[in-house]
Amino acid sequence: MNLTGLFDVPFGDEEALQMLLDMNFFAHQTIFGELASAGLLIAHVPMNVSITDGRAFDEFLQIHDLEHRSIASQIGVSAPSDLSSWNTKDADQFSAWTAAHANHHALIAQALGL
């Protein structure tokens, strides 16, 4: 599962950002399925969200961060930096969060052989 190109989202491109979030949803579904087939269960909440829904987006960030930490714990990799807050309107924070998120997905994919 190679999501590298999806994480190369231009700052301010809301359509590309929504595509990233949609693909992230499918990536988490795949990861959850891999963990379940190995007998490793984590709390999993389907995380399809629209960036235009502020409250749901904030909740997504909290749940998403917890899920990344749970996955890391179950498969024995390091936890990501804090993914629970993301200001998509700030270029530096946008880039830092996207990079941290991409790096953690790459770590998970490598550990699970995806």
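The structure displayed is predicted, hence computed values, not measured ones. (Residues numbered from 1 in each chain as written. Predicted model: local features only at pLDDT ≥ 70, side-chain atom pairs only at ≥ 80, totals over all residues. Heavy atoms only, no water.)

Draft legend 1. View of the packing of helix 1 (residues 14-37) against helix 3 (residues 91-112). Across the interface, helix 1 lies against helix 3 with an axial gap of 12 Å and an inter-helix angle of 25°. By the criterion of interaxial angle, the relationship of helix 1 to helix 3 is roughly parallel. In the crossing of helix 1 with helix 3, the sense of the turn from one axis to the other is left-handed. Along its contact with helix 1, which presents L17, N24, A27, H28, I31, E34 and L35, the element helix 3 presents F94, H101, H105, I108 and L112. Counted by class, the contact of helix 1 with helix 3 contains seven nonpolar, four polar and one charged residues. (Axes fitted to C-alpha atoms, helices over the stretch in contact; angles between N-to-C directions. Helix = DSSP H or I, 4+ residues; strand = E, 2+ residues; numbered from the N terminus. Parallel < 35°, antiparallel > 145°, perpendicular 65-115°, else oblique. Left-handed = near helix turned anticlockwise from the far one by under 90°. Contact = heavy atoms within 4.5 Å. Nonpolar A, V, L, I, M, F, W, Y, C, P; charged D, E, K, R; others polar.)

Draft legend 2. Spatial organisation of a nonpolar patch on the surface. Together, M19, M23 and F26 line one region of the surface with nonpolar side chains, adding up to about 300 Å² of accessible area. For M19, the location among the structural elements is in helix 1. (Patch = residues over 30% accessible without salt bridge, like charges linked within 9 Å, V, L, I, M, F, W, Y side chains within 5 Å. Areas by Shrake-Rupley, 256 points an atom, 1.4 Å probe, with all protein chains shown as cover. Salt bridge = Lys/Arg side-chain N within 4 Å of Asp/Glu carboxyl O.)

Draft legend 3. Focus on the nonpolar core. Core analysis: the biggest nonpolar cluster contains 16 residues, and L17, L20, L21, F57, F60, L61 and W86 have the highest contact counts within it. Considering each element in turn, this core owes the most residues, four residues, to helix 3. (Core = buried A, V, L, I, M, F, W, Y, C linked by side-chain atoms within 4.5 Å. Buried < 20%, exposed > 50% of the residue type's maximum accessible area, 1.4 Å probe, protein only.)

Draft legend 4. Fine view of the side chain of N24. Inspection of the secondary structure assignment puts N24 in helix 1. At a separation of 2.9 Å, a polar atom in the side chain of N24 contacts the side chain of H105. In contact with N24, not counting residues within four places along its chain, are F60, H64, H101 and H105. (Polar contact = N/O pair within 3.5 Å; in protein donor to acceptor, adjacent residues only side chain to side chain.)

That is the geometry; function is a separate question.
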